[in-house]
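Fold and contact review
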Amino acid sequence: MIIDFHAHLWARDDAEEAILRECQLHGVDKVCISGLASPIPDLDEVRRLNDRCYRAARAYPGFYLPFVYVNPLHGQAALEELERGVDQGAVGLKLWISCHAHH
């Protein structure tokens, strides 16, 4: 079994389908995904991108493994987003600490 452990759903509308096609072409069985659009997304963007990952996992069960992205600078809201992610089926946590440390 081949698992891509680091993939992102970007702004492209058909990213979920494009990733699936490429993975099928190259024999990748599962993909861990997180949403990421900018180094320091605001809380609304974080939630929107996380929701997209959860939808992709529901649309392609067993293929997409969603990770919840949080920005620790969001404080308590980051902890709440992490809890929400677990409730939505997230199997991992995505942090981009190198960006967060500079702000």
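Above this text you will find the structure in question.
Reading the values: the criteria
- Residues numbered from 1 in each chain as written.
- Predicted model: local features only at pLDDT ≥ 70, side-chain atom pairs only at ≥ 80, totals over all residues.
- Heavy atoms only, no water.
- Phe/Tyr/Trp six-rings, centres within 6.5 Å; stacked < 30°, edge-to-face > 60°.
- Helix = DSSP H or I, 4+ residues; strand = E, 2+ residues; numbered from the N terminus.
- Buried < 20%, exposed > 50% of the residue type's maximum accessible area, 1.4 Å probe, protein only.
- Pairing = 2+ DSSP bridges.
- Axes fitted to C-alpha atoms, helices over the stretch in contact; angles between N-to-C directions.
- Contact = heavy atoms within 4.5 Å.
- Right-handed = clockwise from strand over helix to strand, strands pointing away.
- Core = buried A, V, L, I, M, F, W, Y, C linked by side-chain atoms within 4.5 Å.
- Parallel < 35°, antiparallel > 145°, perpendicular 65-115°, else oblique.
- Expected span 1.5 Å × (residues − 1).
- Polar contact = N/O pair within 3.5 Å; in protein donor to acceptor, adjacent residues only side chain to side chain.

**Some remarks on the packing of aromatic side chains**
According to the stated counting rule, one finds 3 aromatic pairs in the structure shown. Summarising the aromatic geometry, the rings of Phe 5 and Phe 67 are spaced 5.5 Å apart at their centres and angled 90° between planes, so their arrangement reads as edge-to-face. You can see Phe 5 sitting in strand E1 (residues 3–9) and its partner Phe 67 sitting in strand E3 (residues 64–69), a full 62 residues away along the chain. Taking the relative accessible area as the measure of exposure, Phe 5 reaches 58% and is therefore exposed. Ring centres 4.7 Å apart and planes at 75° place the aromatic pair Phe 63 and Tyr 64 in the edge-to-face group. Grouping residues by exposure puts Phe 63 and Tyr 64 together as buried. Linked through ring pairs, Tyr 60, Phe 63 and Tyr 64 together constitute an aromatic cluster.

**What to know about the sheet that holds E3**
The sheet built from 4 strands is open, its strands ordered E1-E2-E3-E4 with parallel pairing. Edge positions in the sheet fall to E1 and strand E4 (92–94), since each has one partner strand and no second. Going across the sheet, the axis of each strand differs from the next one's by a mean of 35°, ignoring polarity. Where strand E2 (residues 30–35) meets E3, 3 bridges bridge the pair, whose relative direction is parallel. In the sheet register, Val 31 faces E3, and the bridge partner there is Tyr 64. Here helix H2 (residues 43–59) sits on the sheet and contacts E1, E2 and E3; the angle it forms with E3, its principal contact strand, is near 165°.

**Focus on the pairing of E2**
Burial runs high along E2: 5 of the 6 residues are buried. For the segment spanning E1, helix H1 (residues 15–26) and E2, crossover handedness is right-handed.

**A short note on the nonpolar core**
One finds Leu 9, Ile 19, Cys 23, Val 31, Ile 33, Phe 63 and Tyr 64 to be the most contacted residues of the largest nonpolar core, which totals 14 residues. Looking at this core, the element that brings in the most residues is H1, giving 4 residues. Counting 5 residues, the second largest nonpolar core, distinct from the first, contains Tyr 54, Val 68, Ala 78 and Ala 90.

**A few points about the packing of H2 against helix H3 (residues 76–88)**
One can describe the packing of H2 onto H3 by two numbers: an axis separation of 11 Å at closest approach and a directional angle of 10°. As the angle between them shows, H2 and H3 are arranged roughly parallel. Judged by residue contacts, Leu 43, Val 46, Arg 47, Asn 50, Asp 51, Tyr 54 and Arg 58 of H2 engage Ala 77, Glu 81, Arg 84, Gly 85 and Gln 88 from H3.

**Regarding H2**
In a regular helix each residue adds 1.5 Å, so 17 residues correspond to 24 Å; H2 covers 24 Å between its end C-alpha atoms and thus fits that length. If you check which residues of H2 are buried, you get Glu 45, Val 46, Leu 49, Asn 50, Arg 52, Cys 53, Tyr 54, Ala 56 and Ala 57. Those residues of H2 that are buried lie in contact with E1, H1, E2, E3 and H3. Measuring from the backbone nitrogen of Asp 44 back to the side-chain oxygen at the start of H2 gives 3.2 Å, which picks out Asp 42 as the cap.

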